[in-house]
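As a plain string of letters, each chain reads:
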Amino acid sequence: MGGTQSLALPRGKGPHWVGCTDVMVGHTQQGLFLRLFYPCLPRAGAEPPLWIPRYEYCGGLADFAGHSRRWCAPLLHATIGSCRVPVSWNGAFKPCSRGYPLIIFSHGLGAFRTLYSSICSELASWGFVVTALEHRDHSASATYFCPAEAGGEEWIPYQRVPQGQKEFYFRNKQVHQRAEECVRALRLFEDINGGQSVQNVLHQDFDLSTLKGSVDLTKVAVMGHSFGGVTAVLALVKEPSFRCAVALDAWMFPLENALYPEVPKPVLFINTEKFQTPESVAKMKRLSSRNSQTKIITILGSVHQSQTDFTFLTGKLLSRIFSARGTLDPYKGLDITIRAALAFLQRHLNLEEEFHQWDNLLEGIGDSVVPEAPFCRSNL
């Protein structure tokens, strides 16, 4: 299959065991679909979930990559279909009287809720509840909802920019929908944390009521990669409860210029070496000039997909399809990303932890990290 293939995703290094479950709320496209990562109680023999949860997502990835479903979807299923996420599926939630901080995570263009499992589970292992959304704006490679009719599913395919339509206007409409979904996810957790009954359409063997009173809604951040990175920035404008944002290699193109003065909270931009353009970085600097707590750093030796799980699936074939590997060891890249994010989150969520030990990364000081960013463009 094109060279030695690794199917292992890294375990979280924090002090907590990590559980995860899927939550779908509502029977229409206007509902929410997310994967929840959270600190859980240890359980021997816990079942790890599949990384690609359904075969339909392989077809969606083939469509997004511009390859034929006929050969690419079966190939993806054969090579990565058995990959599992090293977390406890539906593991028992570990209560926390002081409340865990909450992170809403937004995926990139052509991705879906599970493709950032390494980052989300790592954050959960350090004591966060992480909500990885699956957006329904046609930017996911595939997603679905379940109409009220028993057993029914309706799939929402990835959509390219319609012919004759300007990309900015198409993507701008999507980024606003995505940011509003982030806000709705926060509202969902306000209900859950307050003890309201929330029906999970998927009927998972996980009781959402066990989260009651265990989420600190005064400590909420929004985070995302690429299209999700700019989604996180926009979410700060739409929702005052978001205290800060972490934007991984943000694709700044879809955000209208008039909104930049409206971004009220600090943002940590963690860029890769091979993606950003001068125009995109200039937009980030526009935000940093208005807020001294907004930081821009670049991880050398990384590429755009280095901040997704694909970077850990090391076969030559997959790397060729998804441009998934840079020259930097992916485990080191994940460590830098997480440590910088934790230092930033401690500072702006007022956490009672010792993540400030990594504050130097916020200034671009450290091996493989530099402040701001070089200018080099590759594919989205």
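K.L.:
Explain the overall build of the protein chain here, please?
P.N.:
The helix and strand tally for the protein chain stands at eight helices and twelve strands. Relative to a compact globule of 380 residues, whose C-alpha radius of gyration would be 21 Å, the protein chain shows 19 Å and is just as compact. In the protein chain, which comprises 380 residues, the share counted as buried stands at 58%. Contacts in the protein chain between residues at least 24 apart in sequence constitute 73% of all its contacts with a sequence separation of at least 6. Carbon and sulfur atoms make up 51% of the accessible area of the protein chain, which amounts to about 15000 Å² in all. Within the protein chain, one finds 37 positive and 34 negative side-chain charges whose respective centroids are separated by 4 Å.

K.L.:
Honestly, the sheet that holds strand S10 (residues 267-272) in this entry has me stumped. Any pointers?
P.N.:
In a beta sheet, neighbouring strands are held together by backbone hydrogen bonds and run either parallel or antiparallel to one another. Taking strand neighbours across the sheet as the criterion, the ten strands line up as S3-S1-S2-S5-S4-S8-S9-S10-S11-S12 in an open arrangement whose pairing is mixed. The open sheet terminates on both sides in strands that have one partner only, identified here as strand S3 (88-89) and strand S12 (369-371). In the sheet, strand S8 (residues 215-225) pairs with strand S9 (residues 242-248) via six bridges, with the strands oriented parallel. In the strand pairing of S9, Ala-221 is matched with Cys-244.

K.L.:
Mind showing me how you'd approach empty space enclosed by the protein here?
P.N.:
Over the atoms a probe the size of a water molecule is rolled, and this reveals where empty space is left. Overall, the coordinates contain one cavity of 30 Å³ or more when judged by the stated rule. As for the largest cavity, its lining consists of 19 residues, and the residues nearest its centre are Ser-306, Gln-307, Pro-330, Gly-333 and Leu-334. At the level of secondary structure, the elements contributing two or more residues to the lining of the largest cavity comprise helix H3 (117-125) and helix H8 (330-349). Looking at the lining of the largest cavity element by element, the count peaks at four residues for H8. When its residues are assigned to classes, the lining of the largest cavity shows seven nonpolar, ten polar and two charged.

K.L.:
Could you clarify how one ought to interpret the pairing of strand S4 (residues 100-106) in this entry?
P.N.:
For a regular strand, side-chain orientation follows a simple rule: the groups alternate between the two sheet faces. In terms of residue burial, S4 counts as a mostly covered element, since seven of its seven residues are buried. Chirality of the crossover, the property in question, places the unit of S4, H3 and strand S5 (residues 129-133) among those that are right-handed.

K.L.:
Would you mind showing me how to read the packing of aromatic side chains here?
P.N.:
Note on aromatic pairs: each is described by the distance of the centres and the angle between the planes. Evaluation of the coordinates by the stated rule reveals 18 aromatic pairs. Plain terms: the ring middles of Phe-105 and Tyr-116 are 5.0 Å apart, the flat faces sit at 45° to each other, and that makes the pair tilted. Pair noted here: Phe-105 is in strand S4 and Tyr-116 is in the loop between S4 and H3, with a separation of eleven residues, a long-range link. On the accessibility criterion, Tyr-116 (3% relative accessible area) is buried. Cluster of aromatic residues (ring-pair linked, three or more members): Phe-33, Tyr-57, Phe-112, Tyr-144 and Trp-155. For Arg-54, the ring lying beneath its charged end belongs to Tyr-144, and the centroid distance is 5.2 Å.

K.L.:
How should the confidence of the model for the protein chain be read in this particular structure?
P.N.:
In regions of low pLDDT, the predicted coordinates are not meant to be interpreted in detail. Looking at the protein chain, the pLDDT average stands at 92 and 93% of residues meet or exceed 70. This stretch, residues 1-5, has a pLDDT under 50; its non-local contacts, to residues over four places away or in other chains, come to twelve contacts. Note that residues 376-380 has pLDDT below 50 and, in this model, 17 contacts with residues that lie over four places away or in other chains.

K.L.:
Which parts of the structure should I look at to understand helix H6 (residues 278-290)?
P.N.:
One full turn of an α-helix is made of 3.6 residues, so residues set three or four places apart face in the same direction. The terminal C-alpha atoms of H6, which comprises 13 residues, lie 19 Å apart, in line with the 18 Å expected from a rise of 1.5 Å per residue. Along H6, the positions that sit buried rather than exposed are Ser-280, Val-281, Met-284 and Leu-287. For H6, the angular spread of the buried residues around the axis is 110°, confining them to a single face. Away from its buried face, by an angle of more than 90 degrees, H6 presents the exposed residues Glu-279, Ser-289 and Arg-290. Of the surrounding elements, those touching the buried residues of H6 are helix H5 (227-238), S10 and strand S11 (295-299).

K.L.:
Mind showing me how you'd approach the environment of Ala-179 here?
P.N.:
Mapped onto the elements, Ala-179 comes out in helix H4 (residues 167-193). For Ala-179, a relative accessible area of 0% translates into the label buried. A sequence separation of 83 residues divides Ala-179 from Cys-96, and the C-alpha atoms of the two residues are 28 Å apart. Residue contacts for Ala-179: discarding those within four places in its chain leaves Thr-231, Leu-234, Ala-235 and Lys-238.

K.L.:
Can you walk me through the nonpolar core in this structure?
P.N.:
If you look at soluble globular proteins, the nonpolar side chains tend to sit buried side by side. In this structure, Trp-51, Ile-52, Leu-115, Phe-128, Met-223, Val-246 and Leu-345 are the most contacted members of the largest nonpolar core, which totals 66 residues. Here this core gets ten residues from one element, more than from any other, and that element is H8. Sequence-distant contacts of Phe-128, defined by excluding residues within four places in its chain, comprise Phe-37, Tyr-38, Pro-39, Pro-101, Ile-103, Leu-123, Leu-342, Leu-345, Leu-349, Leu-351 and Phe-355. Core analysis: the next-biggest nonpolar cluster, separate from the first, contains 54 residues, Phe-93, Tyr-100, Leu-186 and Val-233 among them.

K.L.:
Looking at this structure, I do not really get the side chain of Arg-113. What am I missing?
P.N.:
Take Arg-113: it is sitting in the loop between S4 and H3. A relative accessible area of 3% places Arg-113 in the buried class. In this structure the side chain of Arg-113 is engaged in a polar contact, spanning 2.9 Å, whose partner is the side chain of Asp-22. Within the local environment of Arg-113, its side chain forms a polar contact with the side chain of Glu-134, the two groups lying 2.8 Å apart.

Conventions we followed
- Residues numbered from 1 in each chain as written.
- Predicted model: local features only at pLDDT ≥ 70, side-chain atom pairs only at ≥ 80, totals over all residues.
- Heavy atoms only, no water.
- Helix = DSSP H or I, 4+ residues; strand = E, 2+ residues; numbered from the N terminus.
- Rg over C-alpha atoms; globule rule 2.2 N^0.38 Å.
- Buried < 20%, exposed > 50% of the residue type's maximum accessible area, 1.4 Å probe, protein only.
- Contact = heavy atoms within 4.5 Å.
- Areas by Shrake-Rupley, 256 points an atom, 1.4 Å probe, with all protein chains shown as cover.
- Lys, Arg positive; Asp, Glu negative; His and termini not counted.
- Charge placed at Lys NZ, Arg CZ, Asp CG, Glu CD.
- Pairing = 2+ DSSP bridges.
- 1 Å grid on protein atoms, 1.4 Å probe; cavity = no way out; pocket = protein on both sides within 12 Å on 5 of 7 lines; lining within 4 Å.
- Points joined across faces, edges and corners; volume = space filled by probe spheres on them.
- Nonpolar A, V, L, I, M, F, W, Y, C, P; charged D, E, K, R; others polar.
- Right-handed = clockwise from strand over helix to strand, strands pointing away.
- Phe/Tyr/Trp six-rings, centres within 6.5 Å; stacked < 30°, edge-to-face > 60°.
- Lys NZ or Arg CZ within 6 Å of the ring centre and 35° of its normal.
- pLDDT = per-residue confidence, 0-100.
- Expected span 1.5 Å × (residues − 1).
- Arc of directions from axis to C-beta.
- Core = buried A, V, L, I, M, F, W, Y, C linked by side-chain atoms within 4.5 Å.
- Polar contact = N/O pair within 3.5 Å; in protein donor to acceptor, adjacent residues only side chain to side chain.

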